[in-house]
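This is what each chain is made of:
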Protein chains: 2
Amino acid sequence: MIECLVDGSEQLSLPADDRGLAYGDGVFETVLCVEGRAVWWDRHLARLERGAAVLGIAVPDETAWQHDRERLLRTAPPRCVLKLILTRGSGGRGYAPPQSTRPRRIVSRHVAPPNGAVCDGLRLRWCATRWSLQPRLAGLKHLNCLDRVLARAELHEADFDEGLMCDVAGQPISAISGNLLVLRQGRWLTPPLDACGVAGICRERLLEHGLIEIAPLRRDEVETAGGLVVCNSVRGILPVIRLGERQWPPNEATRALQHRLAEIEPAFTL
Amino acid sequence: MIECLVDGSEQLSLPADDRGLAYGDGVFETVLCVEGRAVWWDRHLARLERGAAVLGIAVPDETAWQHDRERLLRTAPPRCVLKLILTRGSGGRGYAPPQSTRPRRIVSRHVAPPNGAVCDGLRLRWCATRWSLQPRLAGLKHLNCLDRVLARAELHEADFDEGLMCDVAGQPISAISGNLLVLRQGRWLTPPLDACGVAGICRERLLEHGLIEIAPLRRDEVETAGGLVVCNSVRGILPVIRLGERQWPPNEATRALQHRLAEIEPAFTL
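Conventions adopted
- Residues numbered from 1 in each chain as written.
- Chains lettered and ligands numbered in written order.
- Predicted model: local features only at pLDDT ≥ 70, side-chain atom pairs only at ≥ 80, totals over all residues.
- Domains from an automatic or database assignment.
- Contact = placed C-beta atoms within 7 Å.
- Helix = DSSP H or I, 4+ residues; strand = E, 2+ residues; numbered from the N terminus.
- Nonpolar A, V, L, I, M, F, W, Y, C, P; charged D, E, K, R; others polar.
- Pairing = 2+ DSSP bridges.
- Least-squares fit on C-alpha atoms with pLDDT ≥ 70 in both.
- Axes fitted to C-alpha atoms, helices over the stretch in contact; angles between N-to-C directions.

### Some details on the domain arrangement of chain A
Residue and element names in this part refer to chain A. Segmentation of chain A into domains returns domain 1 (3–112) and domain 2 (117–268). Of note, the centres of domain 1 and domain 2, computed from C-alpha atoms alone, are 25 Å apart. Across the contact, 20 residues belong to domain 1 and 13 residues belong to domain 2. Mapped onto the side of domain 1 that touches domain 2, the elements with two or more residues apiece are strand S4 (26–34) and helix H2 (41–55). When residues in the side of domain 1 that touches domain 2 are grouped by element, the largest group, seven residues, is from S4.

### Some words on the interface of chain B and chain A
Contact residues are listed per partner, giving 48 residues for chain B and 48 residues for chain A. Looking at the side of chain B that touches chain A, the element that brings in the most residues is helix H4 (residues 146–152) of chain B, giving six residues. Looking at the side of chain B that touches chain A, its residues break down into 24 nonpolar, 14 polar and 10 charged. In the sheet, strand S3 (residues 13–15) of chain A pairs with strand S3 (residues 13–15) of chain B via three bridges, with the strands oriented antiparallel.

### Thoughts on the relation of the copies chain B and chain A
Two copies of one chain are present, and they are related through a rotation about an axis combined with an axial shift. Turning chain B through 180° and shifting it by 0.0 Å along the axis lays it on chain A, with an RMSD of 0.0 Å. The superposition operator between the copies reduces to a two-fold rotation axis. Scanning chain B for the C-alpha nearest the rotation axis identifies Leu21 of chain B, at a separation of 2.1 Å. When the interface residues of chain B are mapped onto chain A, 100% of them again lie at the interface, so the same face is used by both copies.

### Structural notes on the sheet that holds strand S7 (residues 104–111) of chain A
Residues and elements named next belong to chain A. As summarised here, the arrangement of the six strands in space is S2-S1-S7-S6-S4-S5, forming an open sheet in which the pairing is antiparallel. With partners counted over all chains shown, the strands left at the sheet margins are strand S2 (9–10) and strand S5 (37–38), one partner each. Note: S4 against strand S6 (residues 79–87), nine bridges, orientation antiparallel. Each residue of the ladder has a partner; that of Val27, found in S6, is Leu86. On the sheet, H2 packs against S4, S5 and S6 and is oriented at approximately 175° with respect to S4.

In structure tokens:
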């Protein structure tokens, strides 16, 4: 974290009684910023609002977020990431929030990881940790992320860059830090996220442009795919070169998808 | 929160990059303290250690917790609650913790709610929100509590004091803030928590003394029970007087169980 605003003030700390800490009672977004422009800003705010509505947290006015964004981008390098957190605010000791609670917004600036288009290819493994099942929170980006923390700990940095996670029934859902796209018979498919997973903004854009389709996938269908990629809104499309024993050489379909994404959003130009 | 120690120093705030906030990456305990004595202290620390081991968080030496406890109890009223939180510490923006992360402990003092033995009886409802399913975290008291926050929001304070939660398959698991005990044919039964739920310390003690037994229960078996109680380590045993349409008058079996608990732990004397 380079810089941080808590409710608009420069601060590197927050009250210890914040319910985001106590219960994970909040939502978050990570937004790629390129030369002062926040990529898919409206989409990120819309998802944050959807999540907050499910949790019953009032969302601060958009101008508050915009103000934080401008303040942090003023001194930013050409490429950086803003993380937006909205918590229910301070609370007592109990699941019911006090009547007087005011939501708290925390916006911080971070180093941007490289564009997925310059990634040589991810080495993936299947994680034993399942994506937690909580139907009311499916698709949302909330602060209860222990499933991904546990899955991440299964990777041994020397051998794997990313992990694939299944739901509790063993059905493939997502990579740890991005959505999974699977090439089968010339079509890019991505698992439905009705019960668990985070519905990524990059995935959403690709769906809208008809470049990918939602389809349930079995593990063996992932393993025998013509190609795999992981996508997220910070890195775009990351090719996969290995999953367990299976290897994929760099392929035209992945390059083509990266090109199409770059047309949709120039931040991901190759 | 009345007073708070962060890593042993009096502080009401913590770094905004704590992973407890970012991901709910930590565990917690709430401990009843009566006249300077922390009730079931060793049990609470043991569960905290079990949880931290699953998450791969190193637990501070017991003397550190003891020191915090003594410091906060020095000026405490005869009855209070200490909340212990252990997070993985500060982190970057990513599920993998930095190599250098140091776990952070946060101990705060709170007002104690009344002994369950003086409670007239809880009015319960079934919550629509399910207990999240994450087998690796079953039974533990970690910081990913959005399921209980959502369930709590289903109660309308005027009508209900507590809620009963089922797992995603619809099987009764627990009350929101305590374990569920169900009287059937003269035996107190409590649902197994192999897949979800928090294995409470009060429940653990009652099991050890052979006062309750683990048994899977259907919703209709809960509704047609001879009596219901909710138990937790802060309030002991709370009688239930109503669940939906069904009502239970004060009954001898509940009083007897409360008496037995008071023999085990005098903090819960009637």
